[in-house]
Amino acid sequence: MRFTLKDYQADAVGDTLRELTSARDFYRSASRRVSSVALTATTGAGKTVMAAAVIEALFWGSDDFSIAPDTGAVVLWFSDDPALNQQTRHRLEQASDRLRNRLVTVEHPFRYQKLQAGNVYFLNTSKLSKNSLLVRGRDQSDALPGFDSHADTVPFTFWDTLRNTVEDDDLTLYMVLDEAHRGMGKRPSETPTIVKRLINGHSDVPPVPIVWGISATVQRFEAAMSEAEVQSNRVHLATVQVDPVRIQESGLLKDDIVLDFPAETGDFNTVLLRRGVRKVKALSDSWSEYAAEQGEEPIKPLMVLQVPNKPSPTEVASAIDVVREEWPDLEADAIAHVFGEHTAQTFGPHSVPYISPERVQDASYVRVLLAKDAISTGWDCPRAEVMVSFRPAKDETHITQLLGRMIRTPLARRIEGDDLLNSVECILPKFNKATASLVLERIMGNDLTTGGGTGQRVLVDPQLMTPNEAVRGAVWELFQALPAETLPRKHANPIKRLTSLAHALAADRLLADAGKLAHERLHGVLNGLAAQYANDLAKAVKDVLTVAGGSVRVHARHGLRQDESWTEDADDRAIQDAYRTGARTITPDIARTYVERLAADAEDEDAYRDANIRVAALAMLPQTRPALDAEADRIAREWLGQYRVAIKDLTESRQSLYAEITAMSTDPQLISMALPKNRQEETKRVIGDAEQLLERRALHLLADEEGMFPVGKLNPDEIEVLDAEMSRDGALAWYRNPIGGRDSMSIAYRDRHGDWRTLRPDFLFFVDSGDGLVASLIDPHGHWLPDAAWKLHGMARFAEVYGDRFHRIESISRIDGGQLRVLDFKRSEVRAKVLNESDARFAYDRAAVDY
């Protein structure tokens, strides 16, 4: 893989591989049962990257996922649209260098009687329609002998190829039903019938053994299967659903979607287009400044100008004139289009060249892109950060779909603490407050964005908050020193984590030969195990050197059965197979370097043979992998602590890498917060046709030009707590904790199902006490909410570990509409009572006092 998988992607790949392996075993069993598996994730989650990782593991196996290769695996990728298949093929090539020469678009003439193992074949609806040359001559029962219409010289159809593939016991056909990238337009009328034939089989063509659905939602996959009238004998094994909260927290998607529209009636195309150009120019300056700080290549943001399906040449020419006037430094070739007409288009004096959608992201010289609908299904462009739409208000669906293609972050990570560079802006000249709300509802209510409670916000005309000059520098220093926690991973590999850390430390010249040092310590663990479990190891060596088997003897006359066992000496091939199996257990890198160490001073090949046997035998001991994992965790914790300060002096991209490495654990890990640089906040609310300014408070860490921060979106209890805390003696500053990013105080907790989640308490308060500058963590959170009890457990656990780093750690709730009550987690008896309750109300009744 060319890309490093995000944690949620790795979990989804692992889960999908396990289900597909079960599906394969299910089909190869005596029952020959056909089955289906689904992978669902919202737009922008990287489904094609996950699919590439799954296919790589199917073809070549994976040590990371403990998957052996399926030597007979064949993948048939099916969708509605040939253009979509081409884009998917392009993405797979980008994601995996190993798949590059194994991606085949099915075209006529197709001269293979069977699909070849280790290849991905792309097929779309039109290729299987009744008039397609690929299938012509199939199902022509009325044709006279000798008058069949096999196209050209191919004496078989693609249906014959499919039948031969399915019937070959050495092949396993996985059919990918790609529903994830289908657009909102009408499907070809033949699609359900063709999908039905593929999945269920027809005539003498057997059903596809394994259907692997990839979709944006569970409902979309279920609808596709329902349309295909899937037979009841096909067993649906599982649907792997990617949690949208984890997608948003990964930083792969932009946090904020900003909507701009005119506040009065009139023709404001030109005015708001100029605003859009100024926005993209300002973003260019911000990216250049960020790149200079980090020593990286700057992102060159793109503005998308969306026009109606039948644009007026005069209107488009006028728009280009405005762009050129507002941006005189724009290069001559910086404007392009992606219209259905794949040729240069003339608008007045301007000739605008065509560019294919998949090239836009890499063609950084293009800064303004003319588009109509959603450009194309499956397209996205992370550097597209501003959209100006000349679409009328009735076209909110097309606007929303295009906006959904612009939500990926340009660097595939969050720019910590910088809302401006983590947002995408949509400017709607032909909308007003009422019609813009339709776009907002569409964005938050469909699968084009994560929406909901994931942390992604839709903002209307926000203002930029920057560091408050009234806040002391010591407050900022304390902020950075406060402890926070990572979200534990569902699956973690401590040795892989240590390897990644060693590579990073060596690359940053913090620890020379870090990889060698790590391996030496892990080799020491293996030596210790060999000494501690010498008898068990000797037995394991004997097992490696012998091959055991059994015989069954049946007397033909009397029907007597006699079972016998036998052993043979293992040959070099058997020993190598045992070594490879053992290497997967202790990881290939550790196995290789341990063999090199054992045979370092040897003069013959027997020493390498003996070393391979030792590795295979050690891997068979049940104590080996847990001991290696424990030592790898110890080394990683030691090095992360030792180089914590040095890591903070690195660039943000490197700090983000170390944060990801830190999080590669099944337990919460200590991290420090990043300093917030700016934040976008709405300062007004719309009531009917009027606008009302939101309430504001002083001394927030980030503020407007007057030193104030809007609090109108806080609920009454939160306002009461905020005012009470800031009225206390010594109160210096406060911080409204955001709902994502490393500039947010994060605490790990387990939900009712035992899954790890992230709690982000509402407030941090900074106080000048008798003991100096201290911070308090205060969370007003209703006890009636379904997650309340489990979040209280998380607060209690966090206070147990890090309580001495805070002045106060408290949760607050209003009980029965009366007095606010507080749980003081600095007190051990309060923590104990809370942890014994599974109902938040009972916890407050037993352990809370008046606030």
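Please refer to the structure higher up on the page.
This one's a predicted model, so the numbers in the text were calculated from it and none came from an experiment. (Residues numbered from 1 in each chain as written. Predicted model: local features only at pLDDT ≥ 70, side-chain atom pairs only at ≥ 80, totals over all residues. Heavy atoms only, no water.)

### Here's the deal with the overall build of the chain
Selection criterion: Under the DSSP-based scheme used, a helix requires at least four consecutive residues in state H or I and a strand at least two consecutive residues in state E, with every element numbered from the N terminus. Our radius of gyration is a C-alpha quantity, and the globule rule it is checked against amounts to 2.2 Å times the number of residues to the power 0.38. Relative accessibility under 20% of the residue-type maximum defines a buried residue, over 50% an exposed one, and the middle range a partly exposed one, all with a 1.4 Å probe and only protein chains included.
Counting secondary structure elements, the chain contains 26 helices and 35 strands. Relative to the 2.2 N^0.38 estimate, which gives 29 Å for 851 residues, the radius of gyration of the chain is 31 Å and therefore close to what a compact globule would have. Projected onto the principal axes, the alpha-carbon positions of the chain cover approximately 100 × 75 × 55 Å. Counting only residues that meet the buried cut, the chain has 55% of its 851 residues in that class.

### A short note on the environment of Leu302
Under the convention used in this document: Contacts are residue-level and defined by heavy atoms, with any inter-residue pair within 4.5 Å sufficient.
The residue Leu302 is located in strand β9 (residues 302–306) in this model. According to the relative accessible area criterion, Leu302 is buried, its value standing at 0%. Separated by 85 residues in the primary sequence, Leu302 and Met387 have C-alpha atoms spaced 8.6 Å apart. Apart from the residues within four sequence positions on either side, Leu302 is in contact with Val280, Val360, Val366, Arg367, Val368, Leu369, Cys381, Arg383, Ala384, Glu385 and Val386.

### Some remarks on helix α4 (residues 158–167)
Let me state the cut-off plainly: Counting of polar contacts relies on pairs of N or O atoms within 3.5 Å, with two restrictions inside protein: one atom must be capable of donating a hydrogen and the other of accepting it, and residues adjacent in sequence are counted only when both atoms are side-chain atoms.
Counting buried residues in α4 gives nine out of ten residues, a clear majority hidden from the surface. Turning to α4, its buried residues number three or more, namely Phe158, Trp159, Asp160, Thr161, Leu162, Arg163, Asn164, Thr165 and Val166. A distance of 3.3 Å separates the backbone nitrogen of Trp159 from a side-chain oxygen at the start of α4, and that oxygen is part of Thr157.

### Some remarks on the packing of helix α24 (residues 788–802) against helix α26 (residues 840–847)
For clarity, the cut-off: Every axis corresponds to a line fitted to the C-alpha atoms, with the helix fit spanning only the stretch in contact, and the corresponding angles, defined between N-to-C directions, vary from 0 to 180 degrees. Just so you know how the angles are binned, under 35 degrees is roughly parallel, over 145 roughly antiparallel, 65 to 115 roughly perpendicular, and the rest oblique. Classes in brief: Ala, Val, Leu, Ile, Met, Phe, Trp, Tyr, Cys and Pro nonpolar; Asp, Glu, Lys and Arg charged; the others, Gly included, polar.
α26 packs onto α24 with a crossing angle of 50° between their chain directions and a minimal axis gap of 8 Å. Compared by their axis directions, α24 and α26 come out oblique. Of the residues in α26, those in contact with Ala788, Ala789 and Leu792 of α24 are Ala840, Ala843 and Tyr844. Of the residues contributing to the contact of α24 with α26, the split by class is six nonpolar, no polar and no charged.

### Side note on the side chain of Asp704
Structurally, Asp704 is set in the loop between β26 (702–703) and β27 (708–710). A distance of 2.9 Å separates a polar side-chain atom of Asp704 from the backbone nitrogen of Glu706.

### Remarks on the nonpolar core
Using the following cut-off: In these notes, a set of buried Ala, Val, Leu, Ile, Met, Phe, Trp, Tyr and Cys residues joined through side-chain atoms within 4.5 Å is what counts as a nonpolar core.
Formed by 67 residues in total, the largest nonpolar core has its most connected members in Met50, Trp77 and Trp212. Broken down by element, this core gets its largest block of residues, ten residues, from helix α2 (residues 47–60). Sequence-distant contacts of Trp77, defined by excluding residues within four places in its chain, comprise Ala51, Ile55, Asn85, Thr88, Leu92, Val120, Tyr121, Phe122, Leu123, Val176, Asp178 and Ile214. Counting residues in each nonpolar core, the second largest holds 56 residues, with Leu714, Tyr749, Val822 and Val834 among its members.

### Side note on empty space enclosed by the protein
To keep it simple, the criterion reads: Only protein atoms enter the calculation, which uses a 1 Å grid: trapped sets of points that fit a 1.4 Å probe without letting it out are cavities, open sets showing protein on both sides within 12 Å along at least five of seven lines are pockets, and any residue with an atom within 4 Å of a point is a lining residue. Grid points are joined across faces, edges and corners, and a volume is the space filled by probe spheres set on the points.
Applying the stated criterion across every chain, the model contains six cavities of 30 Å³ or more. Taken as a whole, the largest cavity spans an internal volume of roughly 560 Å³. Lining of the largest cavity is provided by 25 residues; of these, Glu249, Ser250, Glu660, Ala663 and Arg742 occupy positions nearest its centre. Put simply, the parts of the chain that give the lining of the largest cavity at least two residues each are α7 (244–249) and α22 (652–662). Element by element, the count of residues in the lining of the largest cavity is highest for α22, at three residues. Across the lining of the largest cavity, the residue classes tally to five nonpolar, eight polar and twelve charged.

### What to know about the side chain of Ser250
Inspection of the secondary structure assignment puts Ser250 in the loop between α7 and β8 (256–260). Here Ser250 falls in the buried class, since its relative accessible area comes to 16%. Among the polar contacts made by the side chain of Ser250, one reaches the main-chain carbonyl oxygen of Ile247 at a distance of 2.6 Å. Leave out the neighbours within four places in its chain, and Ser250 touches Lys6 and Tyr8.

### A few points about the pattern of salt bridges
When charged atoms on two side chains of opposite charge get close, those side chains can pair. Our working rule: Every case where a carboxyl oxygen of Asp or Glu lies within 4 Å of a side-chain nitrogen of Lys or Arg is listed as a salt bridge.
Under the definition given, this model contains 67 salt bridges. The salt bridge involving Arg841 is made with Asp845; its shortest N-O contact spans 3.0 Å. Of this pair, Arg841 and Asp845 both sit in helix α26, four residues apart, which is roughly one turn of the helix. Since its relative accessible area comes to 44%, Asp845 is described here as partly exposed. Look at the salt bridges and you will find they share partners, linking Asp256, Asp419, Arg457, Arg679 and Glu681 into a network.

### Some thoughts on the packing of aromatic side chains
This is how the line gets drawn: Any pair of Phe, Tyr and Trp rings, taking the six-membered ring for Trp, is counted once the centres come within 6.5 Å. Such a pair is stacked with planes under 30 degrees apart, edge-to-face with planes over 60 apart, and tilted for the rest.
Taken as a whole and judged by the stated rule, the model has 13 aromatic pairs. Where Phe798 meets Tyr802, the ring centres are 5.0 Å apart and the plane angle is 50°; that geometry is what we call tilted. With a gap of four residues between them, Phe798 and Tyr802 both fall in helix α24, about one helical turn apart. By the ring-pair criterion, three or more aromatic residues cluster together here, those being Phe110, Tyr112, Tyr121 and Phe158.

### Digging into the sheet that holds strand β15 (residues 423–427)
Across a sheet, strands are paired by hydrogen bonds formed along the backbone, either parallel or antiparallel in direction. Test applied: If DSSP finds at least two bridges between two strands, the strands pair.
The sheet built from seven strands is open, its strands ordered β10-β13-β9-β14-β15-β8-β16 with parallel pairing. This sheet does not close on itself; its edge strands, each paired only once, are β10 (335–337) and β16 (457–460). Strand-to-strand, the axes of this sheet are offset by a mean angle of 20°, without reference to chain direction. Where helix α8 (residues 269–294) meets the sheet, its contacts fall on β8, β9, β14 (384–389) and β15, and the angle it forms with β14 comes to roughly 175°.

### Things to note about unusual backbone geometry
Across the junction of His108 and Pro109, the peptide omega takes the value 0°, indicating a cis bond. Along the chain, Pro109 falls in the loop between β3 (103–105) and β4 (120–124). Here the phi dihedral of Asp816 falls at roughly 55°; this positive angle occurs in a residue that is not glycine. Along the chain, the position of Asp816 falls in the loop between β33 (808–814) and β34 (820–824). Look at Asp816 and you get exposed, because its relative accessible area is 63%.

### Overview of the sheet that holds β33
The six strands are arranged β28-β31-β32-β33-β34-β35 in an open sheet whose pairing can be described as mixed. Pairing within the sheet leaves two strands with one partner each, and these edge strands are β28 (731–736) and β35 (849–850). Bridging between strand β31 (residues 763–769) and strand β32 (residues 772–780) involves seven bridges; their strand directions are antiparallel. From the neighbouring strand, Phe763 faces β32, where its bridge partner is Ile778. Strands β28, β31 and β32 of the sheet are contacted by helix α13 (residues 473–481), whose axis makes an angle of about 60° with β32.

### A few points about the packing of helix α1 (residues 7–28) against α2
Helices that pack against each other are described as a pair by the angle of their axes relative to one another and the distance between those axes. Note the following rule: When the near helix sits turned anticlockwise from the far one by under a right angle, the crossing is termed left-handed; a clockwise turn instead gives a right-handed crossing.
In the contact formed by α1 and α2, the axes pass within 9 Å of each other and the chain directions differ by 45°. By the angle class used here, α1 and α2 are oblique. Regarding α1 and α2, the two cross each other, and that crossing is right-handed. Counted together, Tyr8, Gln9, Ala12, Val13, Thr16, Leu17 and Leu20 of α1 and Met50, Ala53, Val54, Ala57 and Leu58 of α2 form the full contact between these two elements.

### Looking at a negative patch on the surface
Our working rule: To count toward a patch, a residue needs a relative accessible area above 30% and no salt bridge. Like charges then connect within 9 Å, nonpolar side chains (Val, Leu, Ile, Met, Phe, Trp, Tyr) within 5 Å. Note on areas: these come from Shrake-Rupley sampling with a 1.4 Å probe, and a residue is covered only by the protein chains present in the view. In this charge count, Lys and Arg are treated as positive and Asp and Glu as negative; neither His nor the chain ends contribute. Taken as the charge centre is NZ of Lys, CZ of Arg, CG of Asp or CD of Glu, depending on the residue.
Together, Glu603, Asp604, Glu605, Asp606 and Asp610 make up a negatively charged patch on the protein surface. If you trace the backbone, Asp604 turns up in the loop between α18 (588–598) and α19 (606–620). Note on Asp604: relative accessible area 44%, which makes it partly exposed.

### Some thoughts on the pairing of β8
Most of β8 is tucked away, with five of its five residues classed as buried. On β8, burial covers both faces: Asp256, Val258 and Asp260 on one face and Ile257 and Leu259 on the other are all buried. Pairing geometry for β8 and β15, over five bridges, is parallel. Among the inter-strand pairings, Ile257 is bridged to a residue of β15, identified as Val424. With four bridges joining them, β8 and β16 adopt parallel strand pairing. Note that in β16 the partner of Ile257 across the bridge is Val458.

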